[in-house]
Amino acid sequence: MQVFRYITFIWEDYEKEQEKLHAGISKTKGFRYPPVLPVVFYDGVDNWTAATSLHERVLFSDVLGEYIPNYRCILVQLHSYSNMELMERKDELSLLMMIDKLRNMADYERFSEEINETFLREATEGSPEYLLDMIVQIIGVFLSKLNVPKEESDMFTEQIKERKMGELFKHFEGWDVQAIRKEAREEARREARREVREEARKEAREERIHKFLKAIKNCGVIRENAMIQLVNEYQLSAEDAEEKMKLYW
């Protein structure tokens, strides 16, 4: 429906422009509106599942189809295109699409391995300055999604603006990937240590429960009372206490 509104807005603007040039032209028999090709660009991770034709959103369109406006969108799903396919186009849009595909460090590493200086140079060598400025702004937004440090992002986009594609490629490899990997390894080690400590605490608690039940059993406490004491002493649920009784009583 939003695309339908866009199409209508385009036609209304076109009519107003033509009326300014030639008053009354839109009332003439030969006046025609320009064709509008509806394209939906989708950069989500999952597949697009919504309708792509207007009739799919209108009740009884299967019966009254010839009386109801209709169109079908051309769906462009970003994840359907590999970096290699995009680089074959050698244009500004392909560069933006490749940057837009980045979601995490694995995507970045694959991107930095596949992209090459020739593509970067050819994609922007004929771009006017205003378009380069726009590309720089868009790429800056994309890079911020990856939490790329601002100084690194500024350095990268500056190379595009100055068309220094050889320097740009060096900075791809120079982004703080090693530091991020090091932090990831450190976090993995910290997590492993936390798991070891947690496992040790569980084992120690389990041993205390075992000794507790053994001691009160030796004192002649009956099973039902032992279970009540176990629940109170270790704040266990009835189900967990029953499991411990089966193991150690």
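Residues numbered from 1 in each chain as written. Predicted model: local features only at pLDDT ≥ 70, side-chain atom pairs only at ≥ 80, totals over all residues. Heavy atoms only, no water.

(A) Quick look at the overall build of the protein chain. Helix and strand counts for the protein chain stand at 12 helices and two strands. Starting at the N terminus and walking to the C terminus, you meet the elements of the protein chain as α-β-α-β-α-α-α-α-α-α-α-α-α-α. Based on the C-alpha atoms only, the size of the protein chain along its principal axes is roughly 105 × 60 × 30 Å. Across the 249 residues of the protein chain, 29% fall into the buried class. Once local pairs closer than 6 in sequence are excluded, the contacts in the protein chain between residues at least 24 apart make up 57%. Approximately 17,000 Å² of the protein chain is accessible, and the part contributed by carbon and sulfur atoms is 54%. Computing the positive centroid from 38 side-chain charges and the negative centroid from 48, the protein chain places the two 4 Å apart. (Helix = DSSP H or I, 4+ residues; strand = E, 2+ residues; numbered from the N terminus. Buried < 20%, exposed > 50% of the residue type's maximum accessible area, 1.4 Å probe, protein only. Contact = heavy atoms within 4.5 Å. Areas by Shrake-Rupley, 256 points an atom, 1.4 Å probe, with all protein chains shown as cover. Lys, Arg positive; Asp, Glu negative; His and termini not counted. Charge placed at Lys NZ, Arg CZ, Asp CG, Glu CD.)

(B) Expanded view of the environment of Glu-114. By secondary structure assignment, the location of Glu-114 is in helix H5 (residues 105-114). The spatial distance from the C-alpha of Glu-114 to the C-alpha of Asn-83 is 7.2 Å, given a sequence separation of 31 residues. Contacts of Glu-114, omitting those with residues within four sequence positions, involve Asn-83, Met-84 and Met-87. Side chain to side chain, Glu-114 and Asn-83 meet in a polar contact 2.9 Å long. (Polar contact = N/O pair within 3.5 Å; in protein donor to acceptor, adjacent residues only side chain to side chain.)

(C) Main features of the environment of Ile-216. If you trace the backbone, Ile-216 turns up in helix H10 (residues 177-218). Once the C-alpha coordinates of Ile-216 and Trp-249 are considered, the two residues, 33 residues apart in sequence, prove to be 9.8 Å apart. Those residues in contact with Ile-216, other than ones at most four positions away along the chain, are Val-221, Ala-226, Gln-229 and Trp-249.

(D) Layout of the nonpolar core. One finds Leu-95, Met-98, Ile-99, Ile-115, Phe-119, Ile-139 and Ile-160 to be the most contacted residues of the largest nonpolar core, which totals 23 residues. Every element with two or more residues in this core is listed here: helix H3 (83-87), helix H4 (92-100), helix H6 (117-124), helix H7 (129-145) and helix H8 (150-161). The biggest single contributor to this core is H7, with six residues. Excluding residues that lie within four positions of it along the chain, Phe-119 makes contacts with Leu-86, Met-87, Lys-90, Asp-91, Ser-94, Leu-95 and Met-98. Core analysis: the second largest hydrophobic core is formed by 11 residues, Ile-209, Tyr-234, Leu-236 and Met-245 among them. (Core = buried A, V, L, I, M, F, W, Y, C linked by side-chain atoms within 4.5 Å.)

(E) Structural view of the environment of Thr-118. Summarising the element assignment, Thr-118 is placed in helix H6. Overall, Thr-118 belongs to the partly exposed group, its relative accessible area being 37%. Sequence spacing of Thr-118 and Met-87 is 31 residues, and the spatial spacing of their C-alpha atoms is 9.7 Å.

(F) Quick look at a nonpolar patch on the surface. A cluster of nonpolar residues, Leu-59, Phe-60, Val-63, Leu-64 and Tyr-67, forms a patch on the protein surface that exposes about 640 Å² of accessible area. Inspection of the secondary structure assignment puts Leu-64 in helix H2 (residues 61-64). Classification of Leu-64 by relative accessible area gives partly exposed; the value is 40%. (Patch = residues over 30% accessible without salt bridge, like charges linked within 9 Å, V, L, I, M, F, W, Y side chains within 5 Å. Salt bridge = Lys/Arg side-chain N within 4 Å of Asp/Glu carboxyl O.)

(G) Structural context of the side chain of Gln-18. On the secondary structure map, Gln-18 appears in helix H1 (residues 2-21). The contacts of Gln-18, once residues within four sequence positions are left out, are Ile-25 and Phe-31.

(H) Representation of the confidence of the model for the protein chain. Here the protein chain averages 83 in pLDDT, while 90% of its residues score no lower than 70. Per-element mean pLDDT across the protein chain ranges from 49 in helix H9 (residues 165-174) up to 96 in H1. pLDDT under 50 marks residues 171-175. Its contacts with residues more than four places away, or in other chains, come to 14 contacts. (pLDDT = per-residue confidence, 0-100.)

(I) Here's a closer look at the pattern of salt bridges. Per the counting criterion, the structure on display carries seven salt bridges. Here Glu-191 ties to Arg-194 by a salt bridge, and the two come within 2.6 Å at their closest N and O atoms. Remark: Arg-194 and Glu-191 occur in helix H10; sequence separation between them is three residues, near one turn of the helix. The class of Glu-191 is partly exposed, set by a relative accessible area of 34%. The class for Arg-194 is partly exposed, based on a relative accessible area of 34%.

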